[in-house]
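Structural overview
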Amino acid sequence: MHTRSQSDFSQGKISTNIIRLAVPITLAQLVNILYNIVDRVYIGRFMDHATTALTGVGICFPIVTIIVAFANLIGTGGGPLFSIERGKKNDAEGEAIMGNCMTLILVLSLLITLSGLLLRRPLLYALGASDVTFPYANAYITIYLFGTLFVMISLGMNSFINAQGFGKTGMLTIVIGAVLNIILDPVFIFVLDLGVRGAACATVLSQFAAAVWTLRFLTGPRTLLRLRIRCLRCRKKRVLRILSLGLSGFTMGATNSLVQIACNASLSIFGGDLYVGAMTIINSVREIVSLPVTGVVNSAQPVIGFNYGAQENGRVCQAIRFTASLLFGYTLIAWALVSLFPAFFIQIFNTDPDLLAVTIPSMHIYFFGFCFMAFQFTGQTTFLALGKSRFSLFFSLLRKVFIVIPLTLLLPHLGGLGVTGVFLAEPISNVCGGLASFTTMLFVCYFPIRRAAREQNQLS
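In this text, all values refer to a predicted model and were calculated from it rather than measured experimentally.

Looking at unusual backbone geometry
- Backbone geometry places Lys89, a non-glycine residue, at a positive phi of 65°.
- Note that Lys89 resides in the loop between α3 (61-87) and α4 (91-126).
- A positive phi is found at Gln311, a non-glycine position, where the angle reads about 60°.
- One can find Gln311 in the loop between α12 (291-309) and α13 (313-340).

Okay, here's the thing in structure tokens:
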């Protein structure tokens, strides 16, 4: 039974507040990843022409990532502002922010669906499709685009469930859809013999179920702050605040898509379809091992933001320290596991010996120094939670646009590195971008807030 006191993040131990949210959010993310992971497992292991079909679906990742990025634009923009207003006990403005976010999702979903359907052919070829893989990519993304609205509602609006402390309910939002996807995938792919089209149909129907659950909860009696029709009317100033802060989350997702485009383009030139398939698997493994990171980040943001709004400066510092320690410890362990057992992770998706042979060394390079991502995530989380949109946006751009993409395009041409250069870009960016983000966060956010906390203690 959820109580109102559980939604007051200024009470209780900081670590308990974060972990209490992180566990269900991480489980929810785990199940959410199953939307696409299950598709890849079925396609990559059991379909005819499995490697080609898996590569075709992998080519669609940048488009799927862009859709998720627009959901993050709203969720990471409205969610922290919502948490800050809750900390100030300004519930009316909190509901207005949530309502405006819903309207933005409706508008953006329509625009994305229409533009995606119109441009999908040239876009897929630009993403690295060949004449062999295009039919599979086109079949999957055409159907997936019709579920854009459902994706954005379930991901973007779920932020407002978690921000109120309903971590288990937020988990159920994702679990309902993902379990349905697991059940429907074999039915549509094999029983109805729809292949990759069946995988896309199962995903869209599952996302529809998750979206219905999300809206039902946010408009129902159990939520603390409700999604109301009168709050759907947008105000320019409020929308600009949401989009300004959310631009960082969007940039992180959108630049992930640009990185995937750059990687596929370089790999198709220097390695061919086999290496594009290897990157598809590596991206899938990264999604899996990043799940707890996402859970901690999404649980730390409302806790930091709420305490910042409530002027509990000491607790803000505690939350930042705990988040950094937890993320670094986990990413260090994840790096060790992927390095020691790469074949185990790869064979979840495909057992082709040729694909395995090129993916193992590529994965060792790609995940080198993965623990430095903890610094990037801690900095980004803190900037977002405190509403510091300019810093959050800058460091989103720095790592991906100014480091990863140029290196992905440049390194393959240097010293005969070829495909190795493509995979090297990621660890270099982890170190440079992570340290830059974390160091700036310390001087801009952590140290000033710590001084303010000491002054509060002296006055009391």
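Section: the state of the cysteines
- Scanning all chains against the criterion turns up zero disulfides.
- Cysteine Cys317 remains unbridged, with the sulfur of Cys445 as its closest cysteine sulfur at 10 Å.
- What makes Cys317 buried here is its relative accessible area of 3%.
- The closest cysteine sulfur to the non-disulfide-bonded Cys371 is located on Cys432, 14 Å from its own sulfur.

Observations concerning the environment of Ala211
- Summarising the element assignment, Ala211 is placed in helix α9 (residues 196-218).
- Considering only alpha carbons, one finds Ala211 and Ile261, 50 residues apart in sequence, at a separation of 29 Å.
- With sequence-adjacent residues up to four places away left out, Ala211 is seen in contact with Phe150, Ile153 and Ser154.

Quick notes on the packing of α3 against α4
- Interhelical geometry of α3 versus α4 gives an angle of 170° and a closest axis separation of 9 Å. One element, α3, and the other, α4, form an angle in the roughly antiparallel class. Contacts between α3 and α4 pair Ile63, Ile67, Phe70, Leu73, Ile74, Gly78, Leu81, Phe82 and Glu85 from the former with Glu93, Gly94, Ile97, Met98, Cys101, Leu104, Ile105, Leu108, Ile112, Leu123 and Leu124 from the latter.
- Tallied by class, the residues present in the contact of α3 with α4 amount to 16 nonpolar, two polar and two charged.

Description of the nonpolar core
- Ranked by internal contacts, the top residues of the largest apolar core, which has 122 residues, are Leu124, Met157, Val285 and Phe367.
- Sorting elements by how many residues they give to this core places α3 first, with 11 residues.
- Beyond its immediate chain neighbours, meaning those up to four positions away, Met157 contacts Met98, Cys101, Met102, Ile105, Met152, Thr214, Leu218 and Leu227.

Quick look at α3
- Between the first and last C-alpha of α3 there are 37 Å, a value that for 27 residues agrees with the 39 Å anticipated at 1.5 Å per step.
- Just downstream of α3, Lys89 is the residue with a positive phi angle, here 65°.

A short note on α13
- Here α13 contains 28 residues, and its C-alpha end-to-end distance of 41 Å stays within 8% of the 40 Å for a straight helix at 1.5 Å per residue.
- If you check which residues of α13 are buried, you get Asn313, Arg315, Val316, Cys317, Ala319, Ile320, Thr323, Ala324, Leu327, Thr331, Ala334 and Val338.

Considering the side chain of Ser266
- Checked against the element boundaries, Ser266 lands in helix α10 (residues 236-270).
- Of note is the side chain of Ser266, whose polar atom sits 3.3 Å from the backbone oxygen of Thr408.

Quick word on the pattern of salt bridges
- Going through the model one piece at a time under the given rule, you end up with six salt bridges.
- Here Glu426 makes a salt bridge to Arg399, at a shortest N to O gap of 3.4 Å. Within this pair, whereas Glu426 is found in helix α18 (residues 419-459), its partner Arg399 is found in helix α17 (residues 389-410), the two being separated by 27 residues in sequence.
- One network of salt bridges, with partners in common, ties together Glu85, Glu93, Arg238 and Arg241.

Re the packing of aromatic side chains
- Evaluation of the coordinates by the stated rule reveals 16 aromatic pairs.
- Relative to Phe375, the ring of Phe328 lies with its centre 5.6 Å away and its plane at 40°, an arrangement referred to as tilted. Here the residue Phe328 occupies a position in helix α13, and Phe375 occupies one in helix α16 (residues 373-385), the gap between them amounting to 47 residues.
- In this structure Phe328 comes out as partly exposed when scored by relative accessible area, which is 31%.
- Here the aromatic rings of Phe443 and Phe447 are separated by 5.3 Å at their centres, their planes lie at 80°, and the arrangement is edge-to-face. Highlighted residues: Phe443 and Phe447, both in helix α18, separated by four residues, approximately one helical turn.
- Judged by relative accessible area, which is 59%, Phe443 ranks as exposed.
- By relative accessible area, which is 25% here, Phe447 ends up partly exposed.

What to know about the side chain of Asn313
- Positionally, Asn313 belongs in helix α13.
- By relative accessible area, Asn313 is classed as buried at 11%.
- Beyond its immediate stretch of four places on either side in the chain, Asn313 contacts Ile449, Ala452, Ala453 and Gln456.

Scoring rules and cut-offs
- Residues numbered from 1 in each chain as written.
- Predicted model: local features only at pLDDT ≥ 70, side-chain atom pairs only at ≥ 80, totals over all residues.
- Heavy atoms only, no water.
- Helix = DSSP H or I, 4+ residues; strand = E, 2+ residues; numbered from the N terminus.
- Disulfide = S-S within 2.5 Å.
- Buried < 20%, exposed > 50% of the residue type's maximum accessible area, 1.4 Å probe, protein only.
- Contact = heavy atoms within 4.5 Å.
- Axes fitted to C-alpha atoms, helices over the stretch in contact; angles between N-to-C directions.
- Parallel < 35°, antiparallel > 145°, perpendicular 65-115°, else oblique.
- Nonpolar A, V, L, I, M, F, W, Y, C, P; charged D, E, K, R; others polar.
- Core = buried A, V, L, I, M, F, W, Y, C linked by side-chain atoms within 4.5 Å.
- Expected span 1.5 Å × (residues − 1).
- Polar contact = N/O pair within 3.5 Å; in protein donor to acceptor, adjacent residues only side chain to side chain.
- Salt bridge = Lys/Arg side-chain N within 4 Å of Asp/Glu carboxyl O.
- Phe/Tyr/Trp six-rings, centres within 6.5 Å; stacked < 30°, edge-to-face > 60°.

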